[in-house]
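Residue-level listing of the chains:
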Amino acid sequence: MLLEYFQMIDRVERVDLDAETLLARSVVPGESPVFEGHFPGYPLVPGVLLIETMAQASGFLLLAANGFSAMPLLMSVDGAKIRGMVEPGFVLDIEARLEHQGSGYAVAKARITSAGRKICDGQLKLKTIPFDQVPLGPVVRRRAEEVGLIEAMARRTEGEERP
């Protein structure tokens, strides 16, 4: 997890396109420039970055579900609740579930837990824009490879159930 670069997902553990779910994991770094201001002497991950983490997991799920044909962009967040504070070193488990998609929009529900504790959850609405309209396809595919999304999709295709 590189907070200052908005790289919130470390690893996609599993993607299940039949169930339309994705599980990912991230480890909060011990040090980050973000903690210099949030808060000096008492570092906490800002809530907005937790929401971004859920949005990125939902976006990776949409990329997989749509075969990397469109860029998912966060449009709104509904009913988000921050239920616990996140400190450096926490291991975050992120789950995204696709609720609906069509007409260039999607709705996902996501949640973050750490050591079995609820951290946050919410409903996210995303717009999808075909990659032929935004020049981000290669960058997004490269990031998906870095976090293991392509590998997780291949495992699913091969019928493996291991994370």
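All of these numbers come straight from a predicted model, not from anything done at the bench.

Caption draft 1: Structural detail: the overall build of the chain. Scanning the chain for helices and strands turns up 4 helices and 6 strands. Reading the helices (α) and strands (β) of the chain from amino to carboxyl end gives β-β-α-α-β-β-β-β-α-α. The C-alpha atoms of the chain give 15 Å as radius of gyration, which agrees with the globular expectation for 163 residues (15 Å, within 12%). Overall, the chain is about 45 × 35 × 30 Å in size when its C-alpha atoms are taken along their principal axes. Within the chain, the fraction of its 163 residues that count as buried is 42%. Residue pairs in contact within the chain that sit at least 24 positions apart in sequence constitute 69% of those at least 6 positions apart. Here the chain has roughly 8,400 Å² of accessible surface; of this, 53% comes from carbon and sulfur atoms.

Caption draft 2: Helix α3 (residues 137-146), seen in detail. Those residues of α3 that sit buried are Gly137, Val140, Arg143 and Ala144. Taken end-on, α3 shows its buried residues confined to a sector of 135 degrees, consistent with a single buried face. Positioned one or two residues after α3, Gly148 has a phi angle of 90 degrees, which is positive.

Caption draft 3: Up close: the nonpolar core. Counting residues in each nonpolar core, the largest one holds 47 residues, and the members touching the most others are Leu22, Leu92 and Leu149. When contributions to this core are tallied by element, the ones reaching two or more residues are β1 (11-16), β2 (21-27), α2 (47-65), β4 (91-102), β5 (105-114), β6 (117-130), α3 and α4 (149-157). Excluding residues that lie within four positions of it along the chain, Leu22 makes contacts with Val12, Arg14, Val15, Ala57, Phe60, Leu61, Ile94, Glu95, Ala96 and Leu149.

Caption draft 4: Expanded view of the layout of surface pockets. Considered as a void within the structure, the largest pocket measures approximately 490 Å³ in volume. Going through the elements one at a time, α2, β3 (70-82) and α3 are the ones with two or more residues in the lining of the largest pocket. The element best represented in the lining of the largest pocket is α2, accounting for 6 residues. Looking at the lining of the largest pocket residue by residue, the class counts come to 12 nonpolar, 3 polar and 4 charged.

About the cut-offs
- Residues numbered from 1 in each chain as written.
- Predicted model: local features only at pLDDT ≥ 70, side-chain atom pairs only at ≥ 80, totals over all residues.
- Heavy atoms only, no water.
- Helix = DSSP H or I, 4+ residues; strand = E, 2+ residues; numbered from the N terminus.
- Rg over C-alpha atoms; globule rule 2.2 N^0.38 Å.
- Buried < 20%, exposed > 50% of the residue type's maximum accessible area, 1.4 Å probe, protein only.
- Contact = heavy atoms within 4.5 Å.
- Areas by Shrake-Rupley, 256 points an atom, 1.4 Å probe, with all protein chains shown as cover.
- Arc of directions from axis to C-beta.
- Core = buried A, V, L, I, M, F, W, Y, C linked by side-chain atoms within 4.5 Å.
- 1 Å grid on protein atoms, 1.4 Å probe; cavity = no way out; pocket = protein on both sides within 12 Å on 5 of 7 lines; lining within 4 Å.
- Points joined across faces, edges and corners; volume = space filled by probe spheres on them.
- Nonpolar A, V, L, I, M, F, W, Y, C, P; charged D, E, K, R; others polar.

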